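# A closer look at the structure
Here are the chains, one letter per residue:
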Amino acid sequence: MICFQKQLASGLGLLAIVVGLVVPSTASAMTATNGASQQGRPVLLLEGMIKQGDGAKIVRTLKQRGFREVWLSSPGGSVNDGYQIGNALRRLGMMTRIPDGKICASSCVDVFLGGVVRFVNPSGKIIIHPGSISAVPQATKLLEEAVRTGQSTKAIQLFEQSATAETATWTRYLTSMGVSLDLVAYAAKVPHRCGIVLSRDELVYFNVVNTAGAPRPGYRPSNPRKIGSDSACKQG
């Protein structure tokens, strides 16, 4: 068993991947490591890219090892596998945490939201971004085929249907995890290629973190803190 300390260098390495919101195909699959907090409390650290098939593997691990707290460090990956892991965490009544110096982005956030009790340590980061069917190979192929054959109306319909279905799925998931649906509209304020680093106030306001009490009186999120390598992601 290892003890997880502050690992800012590791977190910054993950940030370099997240900035472009593109995870290399060579990135390793998500791993599960037995560990302990500085207080000696047993935890399970899930880190790395969430690849297709990781959901079933991680769920088996969660059931077998009997931990009550899961720590996360991941740039995201497979959306469906993220939902699968998050739903399992909720059924098992587990706690989730983003440790100091770690980053949880994209579908990793869906895993994190599965926690019945959710913490983000002071230097831990949560990064969200709006969904895009361009990230789904099957949808992209259908759209390209429709455009190539001159069926522009069909292409538009496919785009609308896919985008609506994706948003509806995320909305249902957020609702089931007790997260404010305002998060959907907030994520849509930036292009898909950009991420939003949620501040402490935003984490509390949207109930992403549910252990910090009520939002500050009169507070409402306004301008997302964008991150990304695309020019559209620059602040200002």
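With that out of the way, let us pick up the overall build of the protein chain. Scanning the protein chain for helices and strands turns up eight helices and ten strands. By residue count, 44% of the 236 residues in the protein chain fall in the buried class. Of the contacts formed within the protein chain by residues at least 6 apart in sequence, a portion of 67% connects residues at least 24 apart.

It is worth spelling out the side chain of Glu-202 at this point. Tracing the backbone through its elements, the reader meets Glu-202 in helix α8 (residues 200–205). Non-local contacts of Glu-202, meaning those with residues more than four positions away in its chain, are made with Tyr-186, Val-197, Tyr-219, Pro-221 and Asn-223.

A few words on helix α2 (residues 54–65). The first and last C-alpha atoms of α2 sit 16 Å apart over twelve residues, in line with the 16 Å expected at 1.5 Å per residue. Taken together, the buried residues of α2 touch β2 (31–36), β3 (42–47), β4 (69–73) and α3 (79–91). Just beyond α2, the residue with positive phi is Gly-66, at close to 70°.

Okay, the packing of aromatic side chains next. For the structure on display, the rule yields four aromatic pairs. Arranged with centres 5.9 Å apart and planes meeting at 75°, the rings of Tyr-205 and Tyr-219 form a pair that is edge-to-face. Taken together, the residues span a long stretch of sequence, with Tyr-205 in helix α8 and Tyr-219 in the loop between α8 and β10 (226–227) at a distance of 14 residues. Of the two residues, Tyr-205 and Tyr-219, both sit in the buried class. Site record: aromatic cluster; members linked through ring pairs are Tyr-186, Tyr-205, Phe-206 and Tyr-219. The lysine or arginine in question, Arg-97, covers the ring of Phe-119, its NZ or CZ lying 4.4 Å from the ring centre.

Another point: the pairing of strand β7 (residues 117–120). Side chains Arg-118 and Val-120 project from β7 onto a buried face, and the interleaved Val-117 and Phe-119 project onto a face without burial. Summarising the sheet, strand β5 (residues 95–98) and β7 pair through four bridges and their orientation is parallel. Residue pairing for β7: Arg-97 is matched across the bridge by Phe-119.

Once that is clear, we can look at α3. One turn of the α-helix equals 3.6 residues, which is why residues spaced by three or four share an orientation. Compared with an ideal rise of 1.5 Å per residue, which puts 13 residues at 18 Å, α3 spans 19 Å between its outermost C-alpha atoms and is within 8% of the ideal. Inspection of α3 places Asp-81, Gly-82, Tyr-83, Ile-85, Gly-86, Ala-88 and Leu-89 among the buried residues, and these make up the whole buried set.

Judged by nonpolar contacts, the single largest core of 45 residues is most densely connected at Leu-62, Phe-112, Leu-113, Ile-126, Leu-183, Leu-198 and Val-208. Among the elements that take part in this core, helix α4 (residues 107–113) stands out by supplying five residues, more than any other. The residues contacting Phe-112, other than those within four sequence positions of it, are Leu-72, Thr-96, Arg-97, Ile-98, Cys-104, Arg-118, Phe-119, Val-120, Ile-126 and Val-208. If you look at the next biggest cluster of nonpolar residues, it comprises five residues, including Ile-103, Ala-105, Ile-127 and Val-197.

Below, the discussion takes up the sheet that holds β10. With respect to topology, four strands assemble into an open sheet ordered β6-β8-β9-β10, the strand pairing being mixed. This sheet does not close on itself; its edge strands, each paired only once, are β6 (103–105) and β10. Pairing analysis gives two bridges linking strand β9 (residues 195–197) to β10, with the strands arranged antiparallel. The residue bridging Gly-195 from the neighbouring strand is Ile-227, located in β10.

As a further point, take the environment of Thr-31. Along the chain, the position of Thr-31 falls in strand β2. Every residue in contact with Thr-31, bar those within four places of it in the chain, is listed here: Leu-45, Leu-46 and Glu-47.

This part covers the confidence of the model for the protein chain. Per-residue confidence for the protein chain gives a mean pLDDT of 81, with 75% of residues at or over 70. Confidence over residues 1–25 falls short of pLDDT 50; this stretch has 57 contacts with residues more than four positions distant or in other chains. Scored below 50 in pLDDT, residues 132–136 shows twelve contacts in the model against residues more than four places distant or in partner chains.

Basis of the calculations
Residues numbered from 1 in each chain as written. Predicted model: local features only at pLDDT ≥ 70, side-chain atom pairs only at ≥ 80, totals over all residues. Heavy atoms only, no water. Helix = DSSP H or I, 4+ residues; strand = E, 2+ residues; numbered from the N terminus. Buried < 20%, exposed > 50% of the residue type's maximum accessible area, 1.4 Å probe, protein only. Contact = heavy atoms within 4.5 Å. Expected span 1.5 Å × (residues − 1). Phe/Tyr/Trp six-rings, centres within 6.5 Å; stacked < 30°, edge-to-face > 60°. Lys NZ or Arg CZ within 6 Å of the ring centre and 35° of its normal. Pairing = 2+ DSSP bridges. Core = buried A, V, L, I, M, F, W, Y, C linked by side-chain atoms within 4.5 Å. pLDDT = per-residue confidence, 0-100.

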